[in-house]
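An overview of the molecular structure
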Amino acid sequence: MPEIISMGEALVEIMREKIGAGLDKPEVFIGPYPSGAPAIFADCAARLGGKVGFIGTVGNDDFGKVIQDRLRFDGVDLTYFQSKPDTTTGVAFVAYFSDGSRKFLYHIRNAASGVIEKSRIVSSYFKGARFLHINGSAVSINQAWKETIYSAIETAKKNGVKISFDPNIRPEILGVDKVRALCQPIIESASIIFPSGEEATMLTGNKDPEAAALALLEKGAEIVVLKKGSKGSTVYSQGTKYDVPAFEVEEIDPTGAGDCFDAGFLVSLIHKRSLKESARFANAVGALAVTRKGPMEGAPFPEEVDKIMTLSKK
C-alpha cells in the first residue's frame, strides 16, 4: 500500500526543439515526454524511494502508454489509474524563450486527463498512507475533478492521512477570486503547503511573501514551505523559520522542478529527517530536475541527490 498518494492530470508534453520558436509557425517539435504536475510528483517520489500511488486517467493510445510505462517502470502503484478506450491522452505543447519564459498550449480538459470518477476513491487505498498530495492544477481541470479531489481529501482525513498542497494554478487563466475559492477548502485541510511567493500572496492577499506564509500557518497549516527557485526555499512552522540556500546547476528545462521539490520534501519527512534537512534535500531534488530536457527526465534517484549534497559541502 502507498505511503504517498497523488492524483490529477497525466499527459504528454511535446516541446519546441529550438529556443525562441513560438507555437504560431511551423517548426520542429520533440517528444512526447510524460508529464502532468501530479504525475511528475508521483514519479519523482517513487524514484526517491517512496511508496507512491497515482490516481488519474489516460487514453488507450500510444501517448497513454508512454505515461504508464514511465510510472510503472519507476515503481508507482497504478491500482486506481485507468486507461479509457474512448478518449485520447492529454497533451501540452510548449515553447521556450531566451528570457526563461514559456508558452503552453493545453489539450487537457476534454481529453482523458479531464475524466475522473468518484468511484476511484476507495477508502481502503488510503489506509496506511502518510500523505495525500494535491496539486492546484488538478482541482482546476473541471467540476468532476474538483468534486473528486474534495471527496478524496475527506476520505484521507478519515483515515488519518495528512494533506499536502501545491497551489500551482495560473491566476491569469481563472482569475484570482476563482483560484482562491478553489483552493480555500484544500488550505483549510492541508498540513503542508508548498507555495511560491507569488502564490502565497495571491492566496492570502498579503503583499509580502513572508507575511503570506505566516498567514497560511494561521489558517491551520503545520508547515509552509516557500519555494524561491534559484534562491532556495524557506520553511515556516509554528515558532520556527529556516532559510535554506539553493544548489547551483545549469538549467535546461524548469518544467516540473517544483513538483520534484515537493516530492523530495515529503519523502525526506517520511525518512524522519528534520524540516531543515528535508528542505535541503528538496532543494537538491528540485535543482537536479532542471538539468535535463523533459518534465520527468530530470527527476533524480537517491544516489544523484546524495552526490550533489555531498559535493556542495566541500
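These lines cover the structure that appears in this document, whether it is placed above or below. On a predicted model such as this, the values are computed, not experimentally measured, just so you know.

Under the criterion given, the structure shown has 13 salt bridges. For Lys-65, the salt bridge goes to Asp-69, with nearest N and O atoms at 2.7 Å. Highlighted residues: Lys-65 and Asp-69, both in helix H2 (residues 62–73), separated by four residues, approximately one helical turn. Between Lys-227 and Asp-262 there is a salt bridge whose closest N-O contact spans 3.1 Å. Highlighted residues: Lys-227 in strand S12 (residues 223–227) and Asp-262 in helix H10 (residues 257–270), separated in sequence by 35 residues. Each member of the pair, Lys-227 as well as Asp-262, carries the same accessibility label: buried. Residues joined by salt bridges that share partners form a network here, namely Asp-43, Arg-47 and Asp-74.

Tracing the chain through its elements places Glu-222 in the loop between helix H9 (209–218) and S12. On the basis of relative accessibility, which here comes to 39%, the residue Glu-222 falls in the partly exposed class. For the pair formed by Glu-222 and Ala-138, sequence separation is 84 residues and the distance between their alpha carbons is 23 Å. Contacts of Glu-222, omitting those with residues within four sequence positions, involve Lys-162, Ser-191, Leu-217, Tyr-236, Ser-237 and Gln-238. Reaching out from Glu-222, the side chain makes a polar contact with the side chain of Lys-162 at a distance of 3.1 Å.

When the terminal C-alpha atoms of helix H7 (residues 176–187) are compared, their 15 Å separation across 12 residues agrees well with the 16 Å that a helix rising 1.5 Å per residue should span. Regarding H7, the residues found buried are Val-179, Leu-182, Cys-183, Ile-186 and Ile-187. Projected onto a plane normal to the axis of H7, the buried residues spread over an arc of 135° and lie on a single side. Exposed side of H7, more than 90 degrees from the buried face: Asp-177 and Ala-181 are the residues found there.

Enumeration over the complete set of coordinates arrives at six aromatic pairs. Residues Tyr-80 and Tyr-125 carry aromatic rings whose centres are separated by 4.8 Å and whose planes lie at 70° to one another, so their mutual orientation is edge-to-face. A residue pair is termed long-range when its members are at least 10 positions apart, and Tyr-80 in the loop between H2 and strand S6 (82–84) and Tyr-125 in helix H3 (residues 123–126) qualify at 45 residues. For the residue pair Tyr-80 and Tyr-125, the accessibility class agrees, reading buried in each case. With a centroid separation of 5.5 Å and an interplanar angle of 0°, the aromatic rings of Phe-104 and Tyr-106 are classed as stacked. By way of ring pairs, the aromatic residues Phe-194, Phe-261 and Phe-265 are connected into one cluster. Its guanidinium or amino end placed over the ring of Phe-281, Arg-273 lies 4.5 Å from that ring's centre, counting from NZ or CZ. Above the face of the Tyr-96 ring, Lys-293 is positioned so that its terminal group lies 5.7 Å from the ring centre.

Along the chain, Thr-204 turns up in helix H8 (residues 197–204). Reaching out from Thr-204, the side chain makes a polar contact with the side chain of Asn-206 at a distance of 3.1 Å. The residues contacting Thr-204, other than those within four sequence positions of it, are Arg-180, Ala-212, Ala-215, Leu-216 and Lys-219.

Another point: H2. With 12 residues, H2 extends 16 Å from end C-alpha to end C-alpha; this agrees with the ideal 16 Å at 1.5 Å per step. Of all the residues in H2, the buried ones are Gly-64, Ile-67, Gln-68, Arg-70 and Leu-71. The buried residues of H2 occupy an angular sector of 165° when projected down its axis, which confines them to one face. Projecting away from the buried face of H2 at angles above 90 degrees are the exposed residues Asp-62 and Phe-73. Tucked inside the fold, the buried residues of H2 contact strand S2 (11–16), strand S3 (29–35), helix H1 (37–47), strand S4 (52–55), strand S5 (57–59) and S6.

Conventions and cut-offs
- Residues numbered from 1 in each chain as written.
- Predicted model: local features only at pLDDT ≥ 70, side-chain atom pairs only at ≥ 80, totals over all residues.
- Heavy atoms only, no water.
- Salt bridge = Lys/Arg side-chain N within 4 Å of Asp/Glu carboxyl O.
- Helix = DSSP H or I, 4+ residues; strand = E, 2+ residues; numbered from the N terminus.
- Buried < 20%, exposed > 50% of the residue type's maximum accessible area, 1.4 Å probe, protein only.
- Contact = heavy atoms within 4.5 Å.
- Polar contact = N/O pair within 3.5 Å; in protein donor to acceptor, adjacent residues only side chain to side chain.
- Expected span 1.5 Å × (residues − 1).
- Arc of directions from axis to C-beta.
- Phe/Tyr/Trp six-rings, centres within 6.5 Å; stacked < 30°, edge-to-face > 60°.
- Lys NZ or Arg CZ within 6 Å of the ring centre and 35° of its normal.

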